[in-house]
Amino acid sequence: ELEQQPSLDAENYYAKLRSILTEIIPRYMRNEHPVAVSLTGGFDTRAIMAFDDRSAPRRLSYTYGGMYRDCLDVTVAREVARALQR
């Protein structure tokens, strides 16, 4: 059934994705208790943080690294946290 849907061009795909993420992400982040986010270098985590409600209290965030040096995920996670002041 999903495969039978018409393809979206890049502009319509982005508009639909933006619409869905704008609606869904804040709903998942609303909670009576603080929500922490595991930051990675992946697109999914960056998208979640990009669509988080900026008026919400600061999010706790964390990532995992190795004992010898920082992996790419740690480096990107720090950049995301710094950009969002989280």
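Residues numbered from 1 in each chain as written. Predicted model: local features only at pLDDT ≥ 70, side-chain atom pairs only at ≥ 80, totals over all residues. Heavy atoms only, no water.

A closer look at the overall build of the chain
- Each helix and strand in the chain was counted, giving three helices and two strands.
- The secondary structure elements of the chain, listed N-terminal to C-terminal, are α-β-α-β-α.
- Each principal axis of the C-alpha distribution contributes one length, and for the chain these read about 50 × 35 × 25 Å.
- Within the chain, buried positions represent 26% of all 86 residues.
- Summarising the internal contacts of the chain: among those between residues at least 6 apart in sequence, 64% fall at separations of at least 24. (Helix = DSSP H or I, 4+ residues; strand = E, 2+ residues; numbered from the N terminus. Buried < 20%, exposed > 50% of the residue type's maximum accessible area, 1.4 Å probe, protein only. Contact = heavy atoms within 4.5 Å.)

Considerations on the environment of E11
- By the secondary structure assignment, E11 is in helix α1 (residues 10–29).
- Classification of E11 as exposed rests on a relative accessible area of 65%.
- Sequence-wise, E11 and D52 are 41 residues apart; in three dimensions their C-alpha atoms are separated by 22 Å.

Quick notes on the nonpolar core
- Counting residues in hydrophobic clusters, the biggest one holds 14 residues, and the most contacted among them are L21, I25, M29, V37, L39, M49 and V80.
- At the level of secondary structure, the elements contributing two or more residues to this core comprise α1, α2 (43–50) and α3 (72–84).
- The contacts of I25, once residues within four sequence positions are left out, are I48, F51 and D52. (Core = buried A, V, L, I, M, F, W, Y, C linked by side-chain atoms within 4.5 Å.)

A few points about the environment of P26
- Locating P26 in the fold gives a position in helix α1.
- Excluding residues that lie within four positions of it along the chain, P26 makes contacts with L21 and F51.

Topic: the side chain of T45
- Within the fold, T45 resides in helix α2.
- Of the residues examined, T45 reaches a relative accessible area of 8% and is grouped as buried.
- With near-sequence residues (within four places) excluded, T45 lies in contact with S38, L39 and T40.

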